[in-house]
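Per-entry structural report
Here are the chains, one letter per residue:
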Amino acid sequence: MDEQPLDLWTVAVIGAAAVVVFLAAWEIVVRIGLIDAFFLPAPSTIVQRAYQMAAEGERILLHDVWKSATRVLIGFLLSALVGVPLGLLMGMSKYVRAALNPIVSIIRPLPALSWIPLSMLWLGIGEKQKFAIVFMGCFASVLVYTVAATLRVDVILQRAARNLGASRLQVIRHVTLPGALPNILSGLKVVLAIAWTCVISAEMVGANSGLGFRIWTGKEWSDTGQVLVGMISISLTVLILDILFRGVEWLLLPWQREETRA
Amino acid sequence: MSQAIIRANGVTKSFGKGKKTVTAVEDFNLLVNAGEVVTLVGPSGCGKSTVLNMVAGFLPASSGQILLEGVPVTGVEPRCGMIFQAYALFPWMTVRENVEFGPRVNRLPRVERLKRARRYIEMVGLTGFEHAYPNQLSGGMRQRVALCRALANQPEVLLCDEPFAALDAMTRQVMQEELLRIVDQSGQTVLFITHSIDEALILSHRIVVMSARPGRVKKVIENNLPRPRHVDVQLGDDFLRMKRGIWKLVEEEVVDSMSYGN
């Protein structure tokens with residue numbers, strides 16, 4: 001057993017201090033020449049480069065973030081739109097499960113990257129191809145998480161509902177769906193991270209905008225500053241999306257608010 | 001005056017096929033009259049829960065018949081209100097939404113529903129907690145909600161599957177008296193399963209002692225102890241004499257079932 005957990009404020013202060021120490025150490029090792037600034041630019045250089053990319057001259061950074069984020073969100077939402085209902089169906093019917101499981105097991109192990117050649121052949125390198133890559137990378141996982149979530153709904157709750165006079169359809173609507181929702185959402189949160197890896201890979205291979213493209217061209221031009229700005233932008237964007245996602249969970253799962261605080 | 005609500009005629013239930021067939025309940029006969037509280041007592045594994053699940057229509061009998069007000073039980077029976085040991089409350093619904101669930105799926109008008117919910121919430125002493133979620137309540141209070149939810153559906157029979165077994169001794173005592181008060185007030189018919197002889201003696205008009213597997217009726221005992229059965233009754237000579245008698249009956253079965261096991 002651990003002692004008392006730290007309060008939020010203390011956690012924030014300790015975390016911030018650690019980040020400052022880490023950045024300072026990084027800055028120092030680069031400045032005194034222990035690490036070649038070409039391979040790893042100092043944080044101050046990265047900040048400068050970020051400022052250039054965002055505000056001066058090129059002004060491409062926000063555009064890239066926006067591009068990548070919309071690709072992620074649209075592909076992700078499409079996969080959820082198809083995957084969640086299908087997963088629910090599979091979770092609720094052993095027949096549908098038996099029919100679709102083999103197909104899912106064939107698609108699921110394929111990395112999103114392996115879809116790039118075919119998708120480029122079919123769809124070119126436009127937005128549609130990016131959505132398709134994200135979709136293919138996410139879809140099977142959404143399905144698997146949703147099936148698992150549906151199967152984990154407590155049978156006794158379904159019994160209780162039937163006992164109170166609910167029809168099978170009412171059981172699905174009032175018990176199975178809300179019962180599966182928390183686990184579906186935590187599954188989707190994992191999938192959202194997968195969606196980012198898909199989009200970044202797709203942008204590195206064939207695109208003319210987006211963070212993946214920016215990182216790749218940075219490397220081509222030996223601009224390590226740009227590479228790192230791109231990477232950090234991914235981190236920050238994912239972080240923000242994660243916070244937004246938590247907001248969605250907070251809204252949709254009012255009965256779990258107490259638990260998440262504890 | 002006494003009208004039969006539940007009648008079980010030669011009910012047998014076996015599970016599995018061929019050599020692995022296990023007979024859980026054999027030639028089980030039972031009569032529960034309107035307004036009566038009947039408890040089924042027996043060692044664990046004697047088929048008590050199986051009987052209850054057959055009355056509720058969750059399990060079909062292998063042979064024999066269960067009649068509810070003269071009509072055979074063929075499917076899940078909304079005329080039976082079930083209370084589970086594990087509460088089986090819907091975690092995503094507030095106390096009031098849980099209580100309203102039965103009337104809601106049975107399409108009672110909204111105003112009527114609210115009125116009914118308020119009445120039963122008051123009856124079990126949960127006023128002020130209408131908007132709490134189950135995970136914010138103690139075990140005793142959760143079981144109150146479950147009781148309330150079952151009552152709000154105004155069932156012909158209340159089926160209780162060891163509802164207080166998970167509660168601490170003191171809460172259990174309070175809940176038993178509470179149930180007795182509500183039942184005496186409303187004339188509710190109750191079929192109650194327990195492995196606690198004390199609980200059976202406190203609650204019931206009649207006690208059905210079951211034999212170890214396969215479960216049959218070993219003896220039916222009339223319980224004429226004065227009601228309400230507060231602590232002074234529970235420490236009285238009559239109570240203790242009956243307890244001793246029942247324990248002797250049950251003890252043989254427990255010893256029996258233990259030699260069966262392994």
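Below you will find a few notes about this structure. (Residues numbered from 1 in each chain as written. Chains lettered and ligands numbered in written order. Predicted model: local features only at pLDDT ≥ 70, side-chain atom pairs only at ≥ 80, totals over all residues.)

**Here's the deal with the overall build of chain A**
The secondary structure content of chain A amounts to eleven helices and zero strands. When the helices and strands of chain A are read in sequence order from the N terminus, they spell out α-α-α-α-α-α-α-α-α-α-α. Overall, the C-alpha framework of chain A stretches about 75 × 55 × 30 Å when taken along its three principal axes. Taking all 262 residues of chain A together, the buried fraction comes to 32%. For chain A, the proportion of contacts with a sequence separation of at least 24, taken over those separated by at least 6, is 68%. (Helix = DSSP H or I, 4+ residues; strand = E, 2+ residues; numbered from the N terminus. Buried ≥ 20, exposed ≤ 12 C-beta atoms within 10 Å, placed from the backbone. Contact = placed C-beta atoms within 7 Å.)

**Brief notes about the interface of chain B and chain A**
How big an interface is tends to be expressed through the accessible area that disappears when the partners come together. If you look at the interface, chain B gives 20 residues, while chain A gives 15 residues. Every element with two or more residues in the side of chain B that touches chain A is listed here: strand E6 (80–83) and helix H2 (95–105) of chain B. Of the residues forming the side of chain B that touches chain A, the biggest block, three residues, is contributed by H2 of chain B. Residues belonging to the side of chain B that touches chain A are distributed by class as follows: 15 nonpolar, five polar and no charged. (Nonpolar A, V, L, I, M, F, W, Y, C, P; charged D, E, K, R; others polar.)

**Here's the deal with the pairing of strand E4 (residues 63–68) of chain B**
All names here are of chain B. Here five bridges tie strand E1 (residues 4–15) to E4, and the two strands are oriented antiparallel to one another. Paired with Asn 9 across the two strands is Gln 65, which belongs to E4. With two bridges connecting them, E4 and strand E5 (residues 71–72) associate as antiparallel partners. Paired with Leu 68 across the strands is Val 71, a residue of E5. Linking E4 back to E5 in an antiparallel pair, the connection comprises two residues, with Glu 69 at a positive phi of about 50 degrees. (Pairing = 2+ DSSP bridges.)

**Side note on helix H4 (residues 94–107) of chain A**
All names here are of chain A. Taking 1.5 Å as the rise per residue, H4 with 14 residues should run 20 Å; its terminal C-alpha atoms sit 20 Å apart, in good agreement. In the structure, H4 departs most strongly from a straight axis at Leu 100, where the bend amounts to approximately 40 degrees and where the proline Pro 102 lies between one and four residues downstream. H4 sits mainly on the outside: zero of its 14 residues count as buried. (Expected span 1.5 Å × (residues − 1). Bend = angle between axes of the 7 residues up to and from the residue.)

**Description of the environment of Asn 53 of chain B**
Residue and element names in this part refer to chain B. Position of Asn 53 relative to the elements: it lies in helix H1 (residues 48–55). Once the C-alpha coordinates of Asn 53 and Met 82 are considered, the two residues, 29 residues apart in sequence, prove to be 9.2 Å apart. What Asn 53 contacts, discounting residues up to four positions off in sequence, is Phe 58 and Leu 59.

**Comments concerning the environment of Leu 100 of chain A**
In this structure, Leu 100 of chain A sits in helix H4. Sequence spacing of Leu 100 of chain A and Gly 87 of chain A is 13 residues, and the spatial spacing of their C-alpha atoms is 9.8 Å.

**A closer look at the sheet that holds strand E10 (residues 217–222) of chain B**
All names here are of chain B. With mixed pairing, six strands are arranged side by side in an open sheet as E6-E7-E8-E3-E9-E10. One side of each edge strand has no neighbouring strand; the edge strands of this open sheet are E6 and E10. This sheet shows a mean twist of 15 degrees between the axes of neighbouring strands, independent of strand direction. Across five bridges, strand E7 (residues 157–161) lies against strand E8 (residues 189–194) in parallel orientation. Pairing of Val 157 across the sheet is with Thr 189, part of E8. Docked against the sheet, helix H4 (residues 139–152) engages E6 and E7, running at close to 175 degrees with respect to E6. (Axes fitted to C-alpha atoms, helices over the stretch in contact; angles between N-to-C directions.)

**Remarks on unusual backbone geometry**
Backbone phi values are negative for most residues with the exception of glycine, while trans is the configuration of most peptide bonds. All names here are of chain B. You will see that Tyr 87, though not glycine, has its phi angle at about 65 degrees, which is positive. Relative to the elements of secondary structure, Tyr 87 occurs in the loop between E6 and H2. Overall, Tyr 87 belongs to the buried group, with 24 C-beta atoms counted inside 10 Å. Despite not being glycine, Arg 107 shows a phi value in the positive range, around 60 degrees. In this structure, Arg 107 sits in the loop between H2 and helix H3 (110–123).

**A closer look at the sheet that holds E4 of chain B**
Taking strand neighbours across the sheet as the criterion, the four strands line up as E2-E1-E4-E5 (chain B) in an open arrangement whose pairing is antiparallel. The sheet is open, and its two edges are formed by strand E2 (22–33) and E5 of chain B, each paired on a single side.

**Regarding the packing of H2 of chain B against H4 of chain B**
Residues and elements named next belong to chain B. One way to put it is that H2 packs onto H4 with a least axis distance of 7 Å and a crossing angle of 30 degrees. The angle between H2 and H4 places the two elements in the roughly parallel class. In this structure, H2 meets H4 at a crossing whose hand is right-handed. In this structure, H2 contributes Val 95, Asn 98, Val 99, Phe 101, Gly 102 and Pro 103 to the contact, and H4 contributes Val 145, Cys 148, Arg 149 and Ala 152. Taken together, the residues of the contact of H2 with H4 sort by class into seven nonpolar, two polar and one charged. (Parallel < 35°, antiparallel > 145°, perpendicular 65-115°, else oblique. Left-handed = near helix turned anticlockwise from the far one by under 90°.)

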